[in-house]
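What follows is the residue order along each chain.
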Amino acid sequence: MKIALIGPFPPYRGGISMFNYSLAKELQKHHEIFKISFSLQYPKYFFPGKSQKSSFQDNDIIEIINSINPFSWIKTANYINKISPDVVIFQYWLPFFAPAFTSIAKKIKKTCKSKIIVNCNNIVPHEPRKIDSILTRNFFKHCDSFIVMSETVEKDLLDINSQSIYKKTPHPIYDLFGKSISKEKARKYLKIGDEKLILNFGLVRKYKGLDILIQSAKILKKQLNQFKIMVVGECYDNQSEYIQMAKENNVEDVIDFTFEFIPNENVKYFFCASDLVVLPYRNATQSGIIPIAYHFNMPVVASNVGGLPENIQNNKTGIICEPSPESIANGIINYFDSDLFIYKENIEQYKKQYTWKTFAKKIMELV
């Protein structure tokens, strides 16, 4: 079967690119895959980060879609129609891309008989605008079926079209960050001591609640001995505000800020050095950080928002809290007061059901 995957691929950074890479790797075991990526993903004035690309490179990528150039949309559709795939899979996560994707999907439908499937990472953005639902709805009406990975996204899809044909399946476990290494080796690499290590990993944005974690550290200082919080990820907000907040709460001595993008080959050091991953989100659909944590058998303390609790077995693979400093602090304390080895055993069993093979099977069921 010929399958065209549309969306970012490495060297583009970010969870969607890593998702596409992993999905293509699984699908190409049994199918002929065409990877169609961006020549321009975000214009510079729309992108808050330092760079859109990393050193990690995929192979056989067609970089053709310019998100703001309609002529490239025509060129992309013509290319897809020429190869005439059986299935076209769009990665969808922001309505910003809806005009380009709508144009491409519309032209595909006019020319060939490809089934169009949308993998819905997000449907409603974390910072929505009034026009977003119109753009998304216009794109979706040219698509045949959908994949959703959480109840939150499932509800968003059915709000747009209650008759949507779709499959629901969890976000698979990432396996592209290398094998686990010993905690001793990871801590030696990062020059970290033997304190309890709490990791907050990924892009820093308002909805991810780093301020909640900083305020929880003030509570932790009174109840938890010898701990350190590592905040690791490029900051899309004003990073000086978080540094100042740590000073105002008198917790700058227990928080290390590393506001930078971490290359794939170095991700393992941060997870393997840690004792716990904490995601104090204010809102969420699902998180790509949880699959990374589970890949390294790392438990997660996360807010009870969006699709996060769907991927955590409470008090077994992690702890579900409310998005408040008090609740997050209590979750962290309860974790360190429990049998830590049992969590890792539970994760080892739990993650077996969330493979890329299972995800690919759901796609084939839709086809």
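Given the structure is predicted, the values throughout are model-derived calculations rather than measurements.

What counts, and at which threshold
- Residues numbered from 1 in each chain as written.
- Predicted model: local features only at pLDDT ≥ 70, side-chain atom pairs only at ≥ 80, totals over all residues.
- Heavy atoms only, no water.
- Helix = DSSP H or I, 4+ residues; strand = E, 2+ residues; numbered from the N terminus.
- Rg over C-alpha atoms; globule rule 2.2 N^0.38 Å.
- Buried < 20%, exposed > 50% of the residue type's maximum accessible area, 1.4 Å probe, protein only.
- Contact = heavy atoms within 4.5 Å.
- Areas by Shrake-Rupley, 256 points an atom, 1.4 Å probe, with all protein chains shown as cover.
- Lys, Arg positive; Asp, Glu negative; His and termini not counted.
- Charge placed at Lys NZ, Arg CZ, Asp CG, Glu CD.
- Patch = residues over 30% accessible without salt bridge, like charges linked within 9 Å, V, L, I, M, F, W, Y side chains within 5 Å.
- Salt bridge = Lys/Arg side-chain N within 4 Å of Asp/Glu carboxyl O.
- Pairing = 2+ DSSP bridges.
- Axes fitted to C-alpha atoms, helices over the stretch in contact; angles between N-to-C directions.
- Polar contact = N/O pair within 3.5 Å; in protein donor to acceptor, adjacent residues only side chain to side chain.
- Core = buried A, V, L, I, M, F, W, Y, C linked by side-chain atoms within 4.5 Å.
- Parallel < 35°, antiparallel > 145°, perpendicular 65-115°, else oblique.
- Left-handed = near helix turned anticlockwise from the far one by under 90°.
- Nonpolar A, V, L, I, M, F, W, Y, C, P; charged D, E, K, R; others polar.

Caption draft 1: View of the overall build of the chain. Each helix and strand in the chain was counted, giving 13 helices and 13 strands. In terms of C-alpha radius of gyration, the chain reaches 21 Å, essentially the compact-globule figure of 21 Å for 367 residues. Residue burial in the chain is summarised as follows: out of 367 residues, 56% are buried. Partitioning the contacts of the chain with sequence separation of at least 6, the portion at a separation of at least 24 is 75%. For the chain, the accessible area works out to roughly 16300 Å², and carbon and sulfur atoms hold 50% of it. With 47 positive and 36 negative side-chain charges, the chain shows a spacing of 7 Å between the two charge centroids.

Caption draft 2: Spatial organisation of a nonpolar patch on the surface. Taken together, the side chains of Y45, F46 and I68 make up a nonpolar region of the molecular surface, amounting to roughly 370 Å² of accessible area. The topology assignment puts F46 in the loop between β2 (32-40) and β3 (61-66). Relative accessible area serves as the criterion here: at 47%, F46 is assigned to the partly exposed category.

Caption draft 3: Molecular detail of the sheet that holds strand β10 (residues 255-258). As summarised here, the arrangement of the six strands in space is β10-β9-β8-β11-β12-β13, forming an open sheet in which the pairing is parallel. Edge positions in the sheet fall to β10 and β13 (318-321), since each of these pairs with one other strand and no more. Taking each pair of neighbouring strands and ignoring which way they run, the sheet shows an average axis angle of 20 degrees. Here six bridges tie strand β8 (residues 196-201) to strand β9 (residues 227-232), and the two strands are oriented parallel to one another. Each residue of the ladder has a partner; that of K196, found in β9, is F227. Sheet contacts for helix α7 (residues 210-223): β8, β9, β10 and β11 (276-279); angle to β9, the most-contacted strand, approximately 170 degrees.

Caption draft 4: Summary view of the sheet that holds strand β1 (residues 2-6). An order of β3-β2-β1-β4-β5-β6-β7 is seen for the seven strands of this open sheet, with the pairing classed as parallel. In this open sheet, the two edge strands, each paired with only one partner strand, are β3 and β7 (166-168). Strand-to-strand twist of the sheet, defined as the mean angle between neighbouring strand axes without regard to direction, takes the value 25 degrees. As paired strands, β1 and strand β4 (residues 87-92) are joined by four bridges and run parallel to one another. Among the inter-strand pairings, A4 is bridged to a residue of β4, identified as V88. Relative to β4, helix α3 (residues 98-111) is tilted by about 170 degrees, and along the sheet it contacts β1, β2, β3, β4 and β5 (115-120).

Caption draft 5: Local environment of the side chain of K351. In this structure, K351 sits in the loop between α12 (340-350) and α13 (356-366). At 3.0 Å, the side chain of K351 forms a polar contact with the side chain of N297. Those residues within four positions of K351 in sequence are excluded, and the remaining contacts are I173, Y294, H295 and N297.

Caption draft 6: How the structure looks around the nonpolar core. Ranked by size, the top nonpolar core spans 58 residues in total, and within it L5, F201, F271, V277 and V300 carry the most contacts. Looking at this core, the element that brings in the most residues is helix α1 (residues 15-27), giving six residues. Each residue touching V277, except ones within four places of it in the same chain, is listed here: L199, F271, I289, A293, M298, P299, V300 and V301. Ranked by size, the runner-up nonpolar core spans 39 residues in total, among them V88, I108, C112 and I116.

Caption draft 7: View of the packing of α7 against helix α8 (residues 239-248). Between α7 and α8, whose axes approach to 9 Å, the crossing angle comes to 20 degrees. The angle between the axes of α7 and α8 places the two elements in the roughly parallel class. In terms of crossing hand, the pair formed by α7 and α8 is right-handed. Between α7 and α8, the contacting residues are L210, D211, I214 and Q215 on the first element and Y242, M245 and A246 on the second. Looking at the contact of α7 with α8 residue by residue, the classes come out as five nonpolar, one polar and one charged.

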